[in-house]
Amino acid sequence: MTTDSNQAPEVEVGAPLDLLLVNSTKSFASRMVPNAAWARFALSLAGQPVTLAERGAGLAKELGLIAAGKSQRAPKKGDFRFSDPAWTQNPLLRRVEQAYLAASETAEQLYVDADLDWKDGEKMRFVLDNLIEGLSPTNSPVLNPLGWKALIDTGGLSALRGAKNFARDMSSTPRIPSMIDPDAYVVGETLATTKGTVVLRTRMFELIHYAPQTKQVHEIPLLLIPPVINKFYIMDLAPGRSLIEYYLKGGHQVFAISWRNPQARHRDWGFDEYGAAIIEALDALEVITGADKANLFATCSGGIITSMLLAHLFATGRGDRISSITLGVTVLDQSHAGLGSAIASERGAEAAIRSSAGKGYLDGAAMAEMFAWLRPTDLVWRYWVNNYIQGRSPAPFDVLFWNADTTRMAASLHKDMVTMGVNNTLVTPGEQTILGTPVDLSKVECDAYVLGGLSDHICPWQATERSGALLGSKDNTYVLSTAGHIAALVNPPGNPKSSFRTAQVKPDQTPEEWFESAEKQAGSWWPHHLAWLTERAGAEVDAPAQLGAPGYEPLAPAPGTYVHEK
């Protein structure tokens, strides 16, 4: 990835969540089967015989130098697959490595030579990435020196452990290497430990009121609205890595919605039901805090629904209930938004909707598999080597534990999301409705803070920047964090490598123009957002002595009960 300070970065293959939902009902193998994009790729290259001959001759010449031991080819900086000294010190392994790198470079050159349109380009990029990464010699148990060293060190036990790990992972969905030991953490004990209580439980969600950590708090509360296909505790990981904890220490009254993991009997939950649930949470906040406004912080798919709901509130004269909106890694405009918008089609959408309608839900494991193959080196093959070739257990990592703690999506919501994504209805006022109101995002006039991740493989940063441009906010700040989809959110202060860019969003400005005008700042965006939020959180008042209020009495300690449902 290019990160030159004078140029906009190249985005990784990415796809907005709602369009990935179209393809999560397909197997990985079916996505790799040759199709019309393959044919157009081949025809384009066939029409360039001179270029093909030059690429072939260049590869043959390089392979000759490799065989003779005269090639200086080496992995690119940051490619850690070949970090073991054996890849450079063993003559045979060095030649294998160099031949693979040369062939990979030629494939990349041919991809550029084909000059495909953006849709075919995204489809073939997915195929080539997975072919190139899958054929790496580091993935071979015969060639990878890490496997041989583990075999010697363990007296052969690594092979038995690897076989056991493989059998376990392939026995159930998602059929990819495990990224985390399922017993690495315990929700409520080692993760999601911030003190609070459930003050409202409905069929759809639990509302958690967190205990203040300062003597005085700001009068306007903060409501966190998580994605509808993941557990809410990505906002409350381990102490020191918890956004909820950070806002509490900053003097805010914090509430969080914990969505219920839907089952087949909840198939009818769609946009309207989730929108009404957020309003119910806002009503509770008003009673508990006495404030007639709230700041909202919604992420990913939760951000999509919340944006639509705000359009409804402003259109019905209730927009004054919202002090500000923060959208984290949220795509509202699906045009040219990476792989998802390239491979989505009406026919594919209909098939995906039929599949989830038959079950009553879309299984989270299917989505986890799709996400993993978008970044095969980091999310598939590194664990292939670790789990199977070396016979080891994956290292504990809180974000990956959360990622593996998948949930389902109700069939109606899946249908609503897919239909909205394929037709890109949010960019045209009135094409989408929620709670009977036509959605016009330009009517959302509260202050907005929109966050994207530089290397986000789910929601490309250019697409999240366009989300800000759709809103009608006069104070509309876009912040670009130097991280991926989840790391953009879980980015606590103290990392010397962290930085972010910030500037106001202008409707007539391209993402690349925004990037050129943005100010780069060192460190995490968390302090920047805390200061922004504090300006919109009202005066300081004494912290409440008790959580909840009459009618909203404590029901269970945080993180609640719904978060434990499988």
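- Per an unreviewed UniProt entry, the chain goes by the name Polyhydroxyalkanoate synthase and belongs to Tsukamurella pulmonis.

1. Considering helix H18 (residues 411-423)
Working step 1: Taking 1.5 Å as the rise per residue, H18 with 13 residues should run 18 Å; its terminal C-alpha atoms sit 18 Å apart, in good agreement.
Working step 2: Those residues of H18 not exposed but buried are Ala411, Leu413, His414, Met417, Val418, Met420 and Gly421.
Working step 3: Asparagine 424 occupies a position one or two residues after H18 and carries a positive phi of about 50 degrees.

2. Let's talk about the sheet that holds strand S1 (residues 196-201)
Working step 1: Read from one edge of the open sheet, eleven strands run S15-S14-S13-S12-S7-S6-S4-S5-S2-S1-S17, paired in mixed fashion. With one partner strand each, in any of the chains shown, strand S15 (519-522) and strand S17 (556-557) form the two edges of the open sheet.
Working step 2: Sheet contacts for helix H12 (residues 300-315): strand S4 (222-225), strand S6 (294-299) and strand S7 (322-328); angle to S6, the most-contacted strand, approximately 140 degrees.

3. So, the state of the cysteines
Working step 1: Inspection of the entire model under this criterion finds zero disulfides.
Working step 2: With no disulfide of its own, cysteine 446 lies 19 Å from the sulfur of cysteine 300, the closest cysteine sulfur.
Working step 3: Residue classification places cysteine 446 among the buried residues on the basis of a relative accessible area of 5%.
Working step 4: Cysteine 300 provides the cysteine sulfur closest to cysteine 459, a residue in no disulfide bond, and the two sulfurs are 4.4 Å apart.

4. Side note on the pairing of S6
Working step 1: In terms of burial, S6 is a largely internal element, six of the six residues being buried.
Working step 2: Across the two faces of S6 the burial is the same, with Ala294, Leu296 and Ala298 and Asn295, Phe297 and Thr299 all buried.
Working step 3: Here S4 pairs with S6 via four bridges, running parallel. Note on S6: the bridge partner recorded for leucine 222 is asparagine 295.
Working step 4: One ladder, built from six bridges, connects S6 with S7; its direction is parallel. By the bridge assignment, alanine 294 is partnered in S7 with isoleucine 322.
Working step 5: Where the polypeptide runs from S6 across H12 and back to S7, its parallel neighbour, the crossover connection is right-handed.

5. Considering empty space enclosed by the protein
Working step 1: Taken as a whole and judged by the stated rule, the model has two cavities of 30 Å³ or more.
Working step 2: Considering only enclosed or pocket space, the largest cavity measures out at about 40 Å³ in volume.
Working step 3: Lining the largest cavity are Leu282, Leu285, Glu286, Ala291, Asp292, Lys293, Ala294 and Arg321.
Working step 4: Sorting elements by how many residues they give to the lining of the largest cavity places helix H11 (residues 271-289) first, with three residues.
Working step 5: Counted by class, the lining of the largest cavity contains four nonpolar, no polar and four charged residues.
Working step 6: Counted as a void, the second largest cavity has a volume near 40 Å³.

6. Topic: H12
Working step 1: A rise of 1.5 Å per residue sets the reference length of H12, with its 16 residues, at 22 Å; its end C-alpha atoms lie 23 Å apart and thus fit the reference within 8%.
Working step 2: Across the 16 residues of H12, 15 count as buried, placing the element largely inside the fold.
Working step 3: Within two residues after H12, glycine 317 carries a phi angle of roughly 80 degrees, on the positive side.

7. Some remarks on the side chain of threonine 464
Working step 1: With respect to the helices, strands and loops of the structure, threonine 464 is situated in helix H19 (residues 461-470).
Working step 2: The exposure class of threonine 464 is buried, given its relative accessible area of 0%.
Working step 3: Setting aside residues no more than four positions away along its own chain, threonine 464 makes contact with Val329, Thr330, Val331, Val450, Leu451, Gly452, Cys459 and Tyr478.

8. Regarding the nonpolar core
Working step 1: Counting residues in each nonpolar core, the largest one holds 129 residues, and the members touching the most others are Leu207, Leu223 and Trp525.
Working step 2: Not counting residues up to four positions away in its chain, the partners in contact with leucine 223 are Leu207, Phe255, Ala256, Ile257, Ala281, Leu282, Leu285, Asn295, Leu296 and Phe297.
Working step 3: In terms of nonpolar packing, the next biggest core, distinct from the first, is built from 16 residues, Phe41, Tyr111, Ala114 and Ile132 among them.

9. Section: the side chain of aspartate 440
Working step 1: By the secondary structure assignment, aspartate 440 is in the loop between strand S11 (437-438) and strand S12 (447-453).
Working step 2: The charged side chain of aspartate 440 is buried without a salt bridge, its nearest counter-charge being lysine 443 at 4.4 Å.
Working step 3: The residues touching aspartate 440, leaving out its near neighbours within four places in the chain, are Ala311 and Pro429.

10. Side note on the pairing of S7
Working step 1: Within S7, seven of the seven residues are buried, which leaves the element mostly enclosed by the surrounding structure.
Working step 2: For S7 and S12, the ladder comprises five bridges, and the chain directions are parallel. Across the sheet, serine 324 pairs through a bridge with aspartate 447, a residue of S12.

11. A word on the packing of helix H15 (residues 364-374) against helix H16 (residues 376-389)
Working step 1: Relative to each other, H15 and H16 sit at 100 degrees, their axes nearing to 6 Å. Taken as axis vectors, H15 and H16 run roughly perpendicular relative to one another. Contact with H15, carried on its side by Phe371, Ala372, Trp373 and Leu374, involves Pro376, Leu379, Val380 and Trp381 of H16 and no other residues of that element.
Working step 2: Looking at the contact of H15 with H16 residue by residue, the class counts come to eight nonpolar, no polar and no charged.

12. Topic: the UniProt feature "domain: Poly-beta-hydroxybutyrate polymerase N-terminal" (unreviewed entry) in the chain
Working step 1: Following the UniProt record, one finds the feature "domain: Poly-beta-hydroxybutyrate polymerase N-terminal" (unreviewed entry) at residues 79-246.
Working step 2: End C-alpha to end C-alpha, residues 79-246 measures 34 Å, and it is 43% helix and 11% strand.

13. What about unusual backbone geometry?
Working step 1: Between alanine 558 and proline 559 the backbone carries a cis peptide bond, its omega angle lying at 10 degrees.
Working step 2: Inspection of the secondary structure assignment puts proline 559 in the segment after S17.
Working step 3: For asparagine 424, which is not a glycine, the phi torsion comes out positive at approximately 50 degrees.

14. Let's talk about the pattern of salt bridges
Working step 1: Enumeration according to the criterion identifies 22 salt bridges in this entry.
Working step 2: A salt bridge links lysine 149 to aspartate 84, with the shortest nitrogen-to-oxygen separation between them at 2.9 Å. With lysine 149 in helix H8 (residues 145-153) and aspartate 84 in the loop between helix H4 (49-67) and helix H5 (86-89), the pair connects residues that are 65 residues apart, well separated along the chain.
Working step 3: Classification of aspartate 84 by relative accessible area gives buried; the value is 11%.
Working step 4: Glutamate 565 is the salt-bridge partner of arginine 260, the closest N and O atoms lying 3.5 Å from each other. You can see arginine 260 sitting in the loop between strand S5 (254-259) and H11 and its partner glutamate 565 sitting in the segment after S17, a full 305 residues away along the chain.
Working step 5: Overlapping salt bridges, with partners in common, bring together Asp447, Asp475, Glu535 and Arg536 in one network.

Criteria and thresholds
Residues numbered from 1 in each chain as written. Predicted model: local features only at pLDDT ≥ 70, side-chain atom pairs only at ≥ 80, totals over all residues. Heavy atoms only, no water. Helix = DSSP H or I, 4+ residues; strand = E, 2+ residues; numbered from the N terminus. Expected span 1.5 Å × (residues − 1). Buried < 20%, exposed > 50% of the residue type's maximum accessible area, 1.4 Å probe, protein only. Pairing = 2+ DSSP bridges. Contact = heavy atoms within 4.5 Å. Axes fitted to C-alpha atoms, helices over the stretch in contact; angles between N-to-C directions. Disulfide = S-S within 2.5 Å. Right-handed = clockwise from strand over helix to strand, strands pointing away. 1 Å grid on protein atoms, 1.4 Å probe; cavity = no way out; pocket = protein on both sides within 12 Å on 5 of 7 lines; lining within 4 Å. Points joined across faces, edges and corners; volume = space filled by probe spheres on them. Nonpolar A, V, L, I, M, F, W, Y, C, P; charged D, E, K, R; others polar. Core = buried A, V, L, I, M, F, W, Y, C linked by side-chain atoms within 4.5 Å. Lys, Arg positive; Asp, Glu negative; His and termini not counted. Salt bridge = Lys/Arg side-chain N within 4 Å of Asp/Glu carboxyl O. Parallel < 35°, antiparallel > 145°, perpendicular 65-115°, else oblique. UniProt positions renumbered as here; feature names shortened; annotations may be inferred.

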